[in-house]
Amino acid sequence: MPSGSPLPSPMAFVRSSTSSKSLFRKKSAQSLPSSAASLLSAVSQADAQARAAGRPASTTSTVPALTMSSGASFSSAGTAMDVDDNEDGLAYPIRSPPTSEQVFTTAHTEFGHCANEEYRTASAHDESVHGVPEMDPPYFILMTTYISYLLLIVLGHVRDFFGKRFYPKSYEHLVPVNGYAPLTSDFDSFYTRRLKTRLLECFTQPVTGVAGRTIKFIDRYSTDWNETMIHPGTTTRTLNISSYNYLGFAQSLGGCADAVEESLRRYGIASCGTRMEGGSSELHNQAEALVARFVGMEDSVLSSMGFATNSGLIPALVGKGCLVISDELNHASIRFGVRISGAHVRMFKHNDMNALEKLLREVISQGHPKTHRPWKKILVIVEGLYSMEGDMVKLPTLIELKKRYKFNLFVDEAHSVGALGPHGRGVCDYFNINPREVDILMGTFTKSFGAAGGYIAANKPIIDSIRQHGHLGTYAESVAPPVLMQVIASMASIMGVAPPVHSPSPSRGTVAKIPQDDGYQHPGPISPAILPSWLSLPPALASGVEGQDRIRRLAFNSRYLTVGLHLLGFITYGHPFSPVVPLLLFHPGKMLLFHRMMLSRKTPICTVVVAYPATDLVTSRVRFCVSAAHTKEDIDTVLVACDEIGDWLSLKQGIPKSERLPVKEIMERATELVNEYRFDEH
């Protein structure tokens, strides 16, 4: 936001009254646009009139929306309320005069409307731009954190000592009873009983509804220190900054949802849980062809579960006599897949290319540790974006090492595909590297695409080998048609669909033949020949305009939150364009406090707190997950909350106070900071 512009008012989540709902329904029933094209035309004309009158086209990111996929409607009223159909929906009064003649009255609890082009940026690599510097906390913080854990351990053992003697029934599951072995080990369950249970409120909060821009918390409380939970039957709608809904496709309304509903009508609900012959179908083949073109590979194979994609298909790539070199912070699915493959495993320090090169020289020169024979295959496995740290793989350096030492490269893009790069194609797109230089690209559909499952993309011989030797093709269920349709619709809306070429469409029940050479140029628009003939996306989705808009909104929101937290004085991890932004809490006692204080605000904020063993003992953190569904005001709300809570809990242990900025100035200079701030210059 340009300097000197008015400060946005803090947003409040309030319950909608019955009168406001009826008013919303009456306004929505007024003259609605007949199509997305007419809506876009009306908004463009209104913005043109606003510019002619000397007013800016947009001053706030909440009005108006330039997309039909969010279920947008408009009214000519002077003021409007964004109201949810649920009783505890959000009411968002527009506090400043609208800049267009039409005011959007749609409920945008799932996807926030944003028409301000200033609140967008491109996610692309710039060699002159360095990421967030690694900052260590003061020794006082580290010492008190260790002391806190030591105190908890001592008190826990004291409670166990007296509890086993005065309350033996509470410890029956830890001691042999009537000749039966204990259900759990006393020592192994100590951490769970004496620490994790106390923090259960942070880790297992039940929710309901779509995990979009907002989400409903199922209210609960405990009277026995979280041993049991009581649910009063109420819910609380919160601002959702904790879900992997990177591009905001987790929506119950819009073009993608309509396509999924149509797939249910065509294929039937019963097909969702049945295995199809050979694990394949018309939609399955079309989805595999689309995924391969989306990531820039020759072919791909799909899986119905993201975890199983790694654990079930890595054994088809390596086996005995092979060497896997894995980053020490790789996901558990990678570790499990490598373990059952029978391959030899070596680890290298997280994202340290010097350590990797040193290890490569050693293993190549020494060969197998027992026979000293050359390895059958060397496979290096890394992640494109590490979900717990928020940092990005150093892919250019890794590609240079690959050319020098001739190993095979496997990149897990579960969190980076769709979320990084000017075209949303992941780390290769971000660094402007030809994806064919990577041997194997893996990704999931649960983050950026609002679906389920995963994929592996590579050249055709590798994919054919995976189909033949992978466990999933034989033992796992096929991907359900609605899930495939969500993948196809969301990917097509990002890529854009080229003008159709009229050709006879395959009859229903036959497997469509996907053209291998349809003139597609990565990452250009996709040919309609590989899409279902009955698929009809709204113009904004089919043209790719909305998909690209979501990618640019995500890049702005991610960088804005990272820069804002850094300038407020917090210690954060990760890359500036990462949609995962970890904020360090350190002390175990502050984890629960931070979670509760964020929920107790006037605008409740849903957060995810992560602790040991998912992180190091002293690096407990809250992990913000940014989405394209968030508006600039949503990020403002998070920054204001963090600023106040950070002072109360003494969390600002980053940059010196002299270099910090007040939150008001950060909000006013948001656009300038996103586009111009350089971490290495401060």
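Not measured: the values here are computed from a predicted model.

A. Representation of the overall build of the protein within the structure. Helix and strand content of the protein: 21 helices and 18 strands. By the burial criterion, 55% of the 682 residues in the protein qualify as buried. Long-range contacts, defined here as pairs at least 24 residues apart, represent 76% of the contacts in the protein between residues at least 6 apart. Summing over all exposed atoms, the protein offers an accessible surface of approximately 30,200 Å²; the carbon and sulfur share of this is 56%.

B. Representation of the pairing of strand S10 (residues 344-348) within the structure. Relative to S10, strand S9 (residues 322-327) runs parallel, the two sharing 5 bridges. Its bridge partner being in S10, Leu323 is matched across the sheet by His344. Note that the unit made of S9, helix H9 (residues 332-341) and S10 has a crossover that is right-handed.

C. Structural context of the packing of helix H17 (residues 545-568) against helix H19 (residues 632-648). For the pair H17 and H19, the least separation of the axes is 10 Å and the interaxial angle reads 20°. Of the possible angle classes, the one that applies to H17 and H19 is roughly parallel. You can see that H17 and H19 cross each other, and the crossing is right-handed. Along the contact surface, H17 presents Phe556, Asn557, Tyr560, Leu561, Gly564, Leu565 and Leu568, while H19 presents Lys632, Ile635, Asp636, Val638, Leu639, Cys642 and Asp643.

D. Spatial organisation of the pattern of salt bridges. Considering all chains together, one arrives at 29 salt bridges under this definition. Between Arg596 and Glu201 there is a salt bridge, with the nearest N and O atoms lying 3.0 Å from each other. Of the two residues, Arg596 sits in helix H18 (residues 588-599) while Glu201 sits in helix H5 (residues 200-203), which places them 395 residues apart along the sequence. For Arg596, a relative accessible area of 44% corresponds to the partly exposed category. A salt bridge links Arg404 to Glu357; the shortest N-O distance between them is 2.7 Å. Here Glu357 lies in helix H10 (residues 353-366) and Arg404 lies in helix H11 (residues 395-405), a separation of 47 residues in the sequence. Exposure remark for Glu357: the relative accessible area of 14% places this residue in the buried category. What you see here is one network of salt bridges that share partners, running through Asp160, Lys164, Asp186, Arg193 and Arg194.

E. Representation of helix H7 (residues 282-295) within the structure. For H7, which comprises 14 residues, the first-to-last C-alpha distance of 21 Å matches the rise-based estimate of 20 Å (1.5 Å per residue) to within 8%. Taken across its 14 residues, H7 has 13 buried, putting it largely inside the fold. Phi for Gly296, located one or two positions after H7, is positive at around 85°.

F. Structural detail: the confidence of the model for the protein. Mean pLDDT for the protein: 82, with 79% of residues reaching 70 or above. Looking across the protein, the model is least confident in strand S1 (residues 74-75), with a mean pLDDT of 32, and most confident in strand S12 (residues 408-412), with 98. This stretch, residues 1-44, has a pLDDT under 50; its non-local contacts, to residues over four places away or in other chains, come to 91 contacts. In this model, residues 273-278 is a region of pLDDT below 50 whose contacts with residues beyond four sequence positions or in other chains number 10 contacts.

G. Spatial organisation of the sheet that holds strand S16 (residues 605-606). A sheet is described by the order of its strands in space; here 4 strands give the open sequence S5-S6-S7-S16, paired in mixed fashion. Each end of this open sheet is capped by a strand with a single partner; those strands are strand S5 (207-208) and S16. Bridge analysis of strand S6 (residues 214-218) against strand S7 (residues 235-240) gives 5 bridges, and the strand direction is antiparallel. Along S7, the bridge assignment pairs Ile215 with Thr238.

H. Main features of the nonpolar core. Counting 131 residues, the largest nonpolar core has Ile325, Leu395, Leu409, Phe594 and Phe624 as its most contacted members. No other element matches the 10 residues that H17 contributes to this core. Apart from the residues lying within four places of it in its own chain, the contact partners of Ile325 are Arg346, Phe348, Leu356, Leu359, Leu360, Val363, Ile378, Leu379, Val380 and Ile381. Ile314, Ile440, Ile463 and Ala476 belong to the second largest nonpolar core, which has 22 residues in total.

I. Highlighting the environment of Leu253. Here Leu253 lies in the loop between S7 and helix H6 (255-267). Given a relative accessible area of 52%, Leu253 falls into the exposed group.

J. A look at the pairing of strand S13 (residues 440-444). Of all the 5 residues making up S13, 5 are buried; the element is thus mostly covered by neighbouring parts of the structure. Looking at chain direction, S12 and S13 are connected through 3 bridges and run parallel. If you follow Val411 over to S13, its bridge partner there is Leu441. In this sheet, strand S14 (residues 454-458) lies alongside S13 in antiparallel orientation, the contact comprising 4 bridges. Note on S14: the bridge partner recorded for Leu441 is Ala457.

K. Fine view of a nonpolar patch on the surface. Together, Leu150, Val154, Val158, Phe161, Phe162, Phe166 and Tyr167 give the surface a local cluster of nonpolar side chains, amounting to about 750 Å² of exposed area. With respect to the helices, strands and loops of the structure, Phe162 is situated in helix H3 (residues 139-166). A relative accessible area of 44% places Phe162 in the partly exposed class.

L. Main features of the sheet that holds strand S15 (residues 580-584). The 3 strands are arranged S15-S18-S17 in an open sheet whose pairing can be described as antiparallel. Unpaired on one side and paired on the other, S15 and strand S17 (609-610) mark the two borders of the sheet. Sheet analysis places S17 next to strand S18 (residues 621-625), joined by 2 bridges and oriented antiparallel. Following the sheet pairing, Val609 is matched in S18 by Val622. Against the sheet, H17 contacts S15 and S18, and its axis sits at roughly 15° relative to S15.

M. Molecular detail of the packing of aromatic side chains. The full count for this structure, using the stated rule, is 13 aromatic pairs. Ring geometry for Tyr430 against Phe577: centres 6.2 Å apart, planes inclined by 65°, an arrangement best described as edge-to-face. Residue Tyr430 is located in helix H12 (residues 427-430), and its partner Phe577 is located in the loop between H17 and S15; the two are separated by 147 residues in the primary sequence. A single burial state applies to Tyr430 and to Phe577, both of which are buried. Three or more aromatic residues joined by ring pairs make a cluster, and in this case those are Phe294, Phe445, Phe449 and Tyr455. When the ring centre of Phe294 is taken as reference, the NZ or CZ atom of Arg425 above it lies at 4.4 Å. It is Arg550 that lies over the ring of Phe249; its NZ or CZ is 4.4 Å from the centre.

N. How the structure looks around unusual backbone geometry. The step from His522 to Pro523 runs through a cis peptide bond, and the omega angle for that step is 0°. Among the structural elements, Pro523 can be located in the loop between helix H15 (481-495) and helix H16 (539-542). Pro613 follows Tyr612 through a cis peptide bond whose omega is 10°.

O. Spatial organisation of the environment of Trp375. Along the polypeptide, Trp375 turns up in the loop between H10 and strand S11 (377-383). The class for Trp375 is buried, based on a relative accessible area of 13%. Residues Trp375 and Gly321, 54 residues apart in the sequence, show an inter-C-alpha distance of 5.9 Å. Contact partners of Trp375, with chain neighbours within four places excluded, come to Gly321, Cys322, Leu323, His344, Val363, Gly367, His368 and Pro369. From its side chain, Trp375 meets the backbone oxygen of Val363 in a polar contact 3.1 Å long.

Criteria and thresholds
- Residues numbered from 1 in each chain as written.
- Predicted model: local features only at pLDDT ≥ 70, side-chain atom pairs only at ≥ 80, totals over all residues.
- Heavy atoms only, no water.
- Helix = DSSP H or I, 4+ residues; strand = E, 2+ residues; numbered from the N terminus.
- Buried < 20%, exposed > 50% of the residue type's maximum accessible area, 1.4 Å probe, protein only.
- Contact = heavy atoms within 4.5 Å.
- Areas by Shrake-Rupley, 256 points an atom, 1.4 Å probe, with all protein chains shown as cover.
- Pairing = 2+ DSSP bridges.
- Right-handed = clockwise from strand over helix to strand, strands pointing away.
- Axes fitted to C-alpha atoms, helices over the stretch in contact; angles between N-to-C directions.
- Parallel < 35°, antiparallel > 145°, perpendicular 65-115°, else oblique.
- Left-handed = near helix turned anticlockwise from the far one by under 90°.
- Salt bridge = Lys/Arg side-chain N within 4 Å of Asp/Glu carboxyl O.
- Expected span 1.5 Å × (residues − 1).
- pLDDT = per-residue confidence, 0-100.
- Core = buried A, V, L, I, M, F, W, Y, C linked by side-chain atoms within 4.5 Å.
- Patch = residues over 30% accessible without salt bridge, like charges linked within 9 Å, V, L, I, M, F, W, Y side chains within 5 Å.
- Phe/Tyr/Trp six-rings, centres within 6.5 Å; stacked < 30°, edge-to-face > 60°.
- Lys NZ or Arg CZ within 6 Å of the ring centre and 35° of its normal.
- Polar contact = N/O pair within 3.5 Å; in protein donor to acceptor, adjacent residues only side chain to side chain.

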